[in-house]
Amino acid sequence: MSVPLPRRLAAEAVGTALLMATVAGSGVMAERLAGGQQAVALLANALATGAGLFAWIVTFGPLSGAHFNPVVTWLGPGRHEMAPAERAGYVLMQVLGALAGILLVHLMYGLPALQVSTTVRTGPGAWLSELVATFALLSVLHGARRAGHGLALTAGAVALVIVAGYWATASTSFANPAVTLARAWTDTYTGIRPTDVLPFVMAQAAGAWLARLFWREGTR
């Protein structure tokens with residue numbers, strides 16, 4: 001890529017932080033305003049996440065490719081264009097950015113800065129959901145690349161598959177190890193217990209690998 005690596009790393013950190021702030025912040029606001037109506041809260045959270053995801057992809061895509069997600073960096077269609085050290089740097093910035101996004105939400109809403117989630121998200125249904133959600137996300141990226149879609153169209157497809165996943169899966173479609181890890185440190189609407197993180201990440205990795213295998217002809 002023609003953009004210097006430090007700028008790409010900064011874009012991944014800032015973009016992931018803004019994405020995480022959108023996910024968690026809209027969750028806090030949705031829960032506060034929904035009056036206990038879980039369907040309304042989920043709808044608001046899903047739509048805000050999709051809108052933010054589209055915006056941040058088209059904004060930071062020209063700089064870093066707007067991965068914002070370790071499985072996209074390591075198993076996505078553009079993985080061969082980056083050296084392993086570059087990909088490792090991307091993942092580090094994604095994790096740090098996601099954690100910064102959670103902290104930002106806590107500060108914006110006047111919540112305790114340091115929290116640990118108590119929200120239980122576990123079980124075979126949730127793990128299968130994460131596998132399916134991540135397979136769907138990576139398939140969108142592989143398919144878009146194979147079809148030669150531009151940045152805006154790809155961003156729209158990614159945003160839509162995540163919004164759909166909020167409603168179609170039992171896990172509400174995390175599909176992102178960095179976001180999953182960060183959500184363990186907020187005891188708000190979008191949280192997940194730290195003990196539930198590893199199975200989610202393993203399921204996400206499995207879904208990404210399956211997508212890579214399925215689309216192998218289109219990613220050579």
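See the structure printed just above.
Residues numbered from 1 in each chain as written. Predicted model: local features only at pLDDT ≥ 70, side-chain atom pairs only at ≥ 80, totals over all residues. Heavy atoms only, no water.

A. Structural detail: the overall build of the chain. Check the secondary structure of the chain and you find eight helices and zero strands. Along the chain, from the amino end to the carboxyl end, the secondary structure elements read α-α-α-α-α-α-α-α. Rg of the C-alpha trace for the chain: 16 Å, near the compact-globule value of 17 Å for 220 residues, within the 12% margin. Across its three principal axes, the chain shows a C-alpha extent of roughly 50 × 35 × 30 Å. Across the 220 residues in the chain, those meeting the buried criterion constitute 52%. (Helix = DSSP H or I, 4+ residues; strand = E, 2+ residues; numbered from the N terminus. Rg over C-alpha atoms; globule rule 2.2 N^0.38 Å. Buried < 20%, exposed > 50% of the residue type's maximum accessible area, 1.4 Å probe, protein only.)

B. Region of the structure containing helix 4 (residues 84–108). The end-to-end C-alpha distance of helix 4, which contains 25 residues, comes to 36 Å, matching closely the 36 Å that a straight helix rising 1.5 Å per residue would cover. Among all positions in helix 4, only Glu 86, Arg 87, Gly 89, Tyr 90, Val 91, Gln 94, Gly 97, Ala 98, Gly 101, Ile 102, Val 105 and His 106 are buried. Buried residues along helix 4 sit against helix 1 (5–33), helix 2 (38–64), helix 3 (70–75) and helix 7 (177–183). Where helix 4 terminates, the next one or two residues include Gly 110, which has phi positive at roughly 65°. (Expected span 1.5 Å × (residues − 1). Contact = heavy atoms within 4.5 Å.)

C. Seen up close, the packing of helix 2 against helix 6 (residues 151–168). The contact between helix 2 and helix 6 brings their axes to 9 Å, and the two run at 160°. On the basis of their axis angle, the class for helix 2 and helix 6 is roughly antiparallel. In this structure, helix 2 meets helix 6 at a crossing whose hand is right-handed. Each residue belonging to the contact of helix 2 with helix 6 can be placed in one class, and the counts come to 19 nonpolar, five polar and no charged. (Axes fitted to C-alpha atoms, helices over the stretch in contact; angles between N-to-C directions. Parallel < 35°, antiparallel > 145°, perpendicular 65-115°, else oblique. Left-handed = near helix turned anticlockwise from the far one by under 90°. Nonpolar A, V, L, I, M, F, W, Y, C, P; charged D, E, K, R; others polar.)

D. Highlighting the nonpolar core. Formed by 40 residues in total, the largest nonpolar core has its most connected members in Met 20, Ile 57 and Leu 138. Elements represented by at least two residues in this core include exactly helix 1, helix 2, helix 3, helix 4, helix 5 (124–147), helix 6, helix 7 and helix 8 (197–214). Per-element tally for this core: the top contributor is helix 1, with eight residues. Dropping the residues within four chain positions of it, Leu 138 is found in contact with Val 71, Val 72, Leu 75, Gly 76, Ala 208 and Ala 211. In terms of nonpolar packing, the next biggest core, distinct from the first, is built from six residues, Ala 126, Phe 174, Ile 192 and Phe 200 among them. (Core = buried A, V, L, I, M, F, W, Y, C linked by side-chain atoms within 4.5 Å.)

E. Spotlight on the pattern of salt bridges. Following the criterion strictly, the structure yields three salt bridges and no others. Residues Glu 86 and Arg 8 are paired through a salt bridge, measuring 2.9 Å at the closest nitrogen-oxygen approach. On the criterion of sequence distance, the pair formed by Glu 86 in helix 4 and Arg 8 in helix 1 is long-range, its members being 78 residues apart. As far as the burial class goes, Glu 86 and Arg 8 line up, both buried. (Salt bridge = Lys/Arg side-chain N within 4 Å of Asp/Glu carboxyl O.)

F. Broad picture of the packing of helix 5 against helix 6. Packing of helix 5 against helix 6 leaves a shortest axis separation of 9 Å and a crossing angle of 165°. When the axis of helix 5 is compared with that of helix 6, the two are roughly antiparallel. Regarding helix 5 and helix 6, the two cross each other, and that crossing is right-handed. Contact residues: Ala 136, Leu 137, Val 140, Leu 141 and Ala 144 in helix 5; Thr 154, Ala 157, Val 158 and Val 161 in helix 6. Grouping the constituent residues of the contact of helix 5 with helix 6 by class yields eight nonpolar, one polar and no charged.

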